[in-house]
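Summary of the model geometry
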Amino acid sequence: RILTVETPVEAITYQVNPFVFLGKPSVMFGDGGLGKSSFALFLAMLISVGESQAGIQALPGNPLYLDYEDSYDVHVRRMQAIAACHPTLERATVRYQSCTEPLANLTQPLLRRIQTDAISFVVLDSLAAATGGDAGAEAATKVFRAIRMLRVGALVIAHVPKTQNEGQEPSIYGSVFYKNFARSTWELRREQEVDADSAVIGLFNRKSNLSRLHPPIGLKVTQNAESTRIQYEPFDLSQAAELKASLPWPNQIRNLLEDGVPRTSAEIAEELNAGISVIKVTLSRHKGLKWHSLGEGRGTKWTAWGA
């Protein structure tokens, strides 16, 4: 094939908006016990019925859940709990396959199943297990080569290192190639009080090869004590005490200034526990768009438009 500027191509689109580009692999990573598997199943159910829920849109298709971590019964119960709060997903059908061998060893039988069942989307749960426990560059290359051969959209669930240095960018456990091969990566964080039925999850787009980074997404997740009901709703992350500190600086500054109280750059930096240089650069870059200045010189203060 030859690349030319006259070659007709379809516009870039999402299979699950905004998490997975059509036919491309995305990695969703976070600490254990945050609800990544349940959320991935929720997305697979959206694809099955071509639904839009909690501000997330999905193209209709046939999803396949490749499970390295749990069991068929667990996922059935999760589907039932999700459908109990999202009735339009009651008709969802998600193919399921329990896996124990590295994904690279399963490529041919998976290709046959994808063709037979017309599979268009795969959830891989999880990345470390799919490599056979090898976190190195060669294992990363093999697992993403296998994903590429499947020729379907894929949401890959991954974990984070046990420890990260302060100020270090959030990362996927293992080789840097896990990030490099993915077309987009999303970090999932969770905020919840002990024994509370509701939690807030923040989804942060850390990498995107095919578009600009998407703004952070907040969801309220309500789950009863018996885990027979799981509900997802949109949530404003600026209202989450812990997660709002993970928002990009422009978002944090805008949220702070929306109370209508003018502040100097030094006051903003102090309230946000940020470096003064970062705040000054951000204020200057977005001046006239998100906020405006009052006065000049060292005494300049800032306030949000419309506040």
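The following paragraphs examine the structure supplied in this document. (Residues numbered from 1 in each chain as written. Predicted model: local features only at pLDDT ≥ 70, side-chain atom pairs only at ≥ 80, totals over all residues. Heavy atoms only, no water.)

**Quick word on the overall build of the chain**
Within the chain one finds 9 helices and 15 strands. By the compact-globule yardstick of 19 Å for 307 residues, the chain fits well, its C-alpha radius of gyration being 22 Å. For the chain, the C-alpha atoms occupy an extent of roughly 70 × 55 × 40 Å along the three principal directions. Counting every position in the chain, which comprises 307 residues, the buried fraction comes to 44%. Put simply, 63% of the contacts in the chain that link residues at least 6 apart link residues at least 24 apart. Across the chain, the 32 positively charged side chains and the 31 negatively charged ones have centroids separated by 8 Å. (Helix = DSSP H or I, 4+ residues; strand = E, 2+ residues; numbered from the N terminus. Rg over C-alpha atoms; globule rule 2.2 N^0.38 Å. Buried < 20%, exposed > 50% of the residue type's maximum accessible area, 1.4 Å probe, protein only. Contact = heavy atoms within 4.5 Å. Lys, Arg positive; Asp, Glu negative; His and termini not counted. Charge placed at Lys NZ, Arg CZ, Asp CG, Glu CD.)

**Thoughts on the pattern of salt bridges**
With the rule as written, the count across this model stands at 8 salt bridges. Of the charged contacts, one joins D117 and R113 as a salt bridge, the two residues approaching to 3.2 Å between their closest N and O atoms. Of the charged contacts, one joins E187 and R189 as a salt bridge, the two residues approaching to 2.8 Å between their closest N and O atoms. What makes R189 partly exposed here is its relative accessible area of 29%. (Salt bridge = Lys/Arg side-chain N within 4 Å of Asp/Glu carboxyl O.)

**Describing the packing of helix 1 (residues 36-49) against helix 2 (residues 72-85)**
Packed helices, taken two at a time, are described by the angle between their axes plus the distance between the axes. It is the contact of helix 1 with helix 2, at a shortest axis distance of 10 Å, that shows an interaxial angle of 65°. In terms of orientation, helix 1 lies roughly perpendicular with respect to helix 2. Regarding helix 1 and helix 2, the two cross each other, and that crossing is right-handed. Contact residues: helix 1 offers S37, S38, L41, F42 and M45, while helix 2 offers H75, R78, M79, I82 and A83. Partitioning the contact of helix 1 with helix 2 into residue classes produces 6 nonpolar, 3 polar and 1 charged. (Axes fitted to C-alpha atoms, helices over the stretch in contact; angles between N-to-C directions. Parallel < 35°, antiparallel > 145°, perpendicular 65-115°, else oblique. Left-handed = near helix turned anticlockwise from the far one by under 90°. Nonpolar A, V, L, I, M, F, W, Y, C, P; charged D, E, K, R; others polar.)

**Details of the packing of helix 3 (residues 107-116) against helix 5 (residues 137-150)**
Here helix 3 crosses helix 5 at 25°, and the two axes come no closer than 10 Å. Between helix 3 and helix 5, the crossing angle belongs to the class labelled roughly parallel. Seen from above, helix 3 lies across helix 5 with right-handed handedness. The segment helix 3 lies against helix 5, with T107, Q108, L110, L111 and I114 engaging A146, M149 and L150. Across the contact of helix 3 with helix 5, the residue classes tally to 6 nonpolar, 2 polar and no charged.

**What about the sheet that holds strand 4 (residues 52-53)?**
Reading across from one edge, 2-1-5-4 is the order of the 4 strands in this open sheet, with antiparallel pairing throughout. Of all the strands in the sheet, the pair left with one neighbour each is strand 2 (20-21) and strand 4. Relative to strand 5 (residues 56-58), strand 4 runs antiparallel, the two being bridged by 2 bridges. Across the sheet, residue Q53 finds its bridge partner in strand 5, namely I56. Sheet strands in contact with helix 1 are strand 1 (14-17), strand 4 and strand 5, and its direction is about 50° off that of strand 5. (Pairing = 2+ DSSP bridges.)

**Digging into the side chain of S175**
Counting through the fold element by element, S175 comes out in the loop between strand 9 (153-158) and helix 6 (177-181). There is a polar contact of 3.0 Å between the side chain of S175 and the backbone nitrogen of F177. Residue contacts for S175: discarding those within four places in its chain leaves A135, G136, A137 and A140. (Polar contact = N/O pair within 3.5 Å; in protein donor to acceptor, adjacent residues only side chain to side chain.)

**Looking at the sheet that holds strand 3 (residues 25-29)**
Strand pairing within a sheet occurs via backbone hydrogen bonds; the two strands may be parallel or antiparallel. The sheet built from 9 strands is open, its strands ordered 7-6-8-9-3-10-11-12-13 with mixed pairing. This sheet does not close on itself; its edge strands, each paired only once, are strand 7 (95-98) and strand 13 (230-234). Within the sheet, the average angular offset between the axes of one strand and its neighbour, ignoring direction, is 20°. Judged from the 6 bridges that link them, strand 11 (residues 198-208) and strand 12 (residues 217-223) form a sheet pairing that is antiparallel. Opposite L203, over in strand 12, you have I217 as the bridge partner. Along the sheet face, helix 1 touches strand 3, strand 6 (63-67), strand 8 (121-125), strand 9, strand 10 (184-191), strand 11, strand 12 and strand 13 and points at about 170° away from the line of strand 9. Relative to the sheet, helix 5 contacts strand 3, strand 8 and strand 9, its axis offset from that of strand 3 by approximately 130°.

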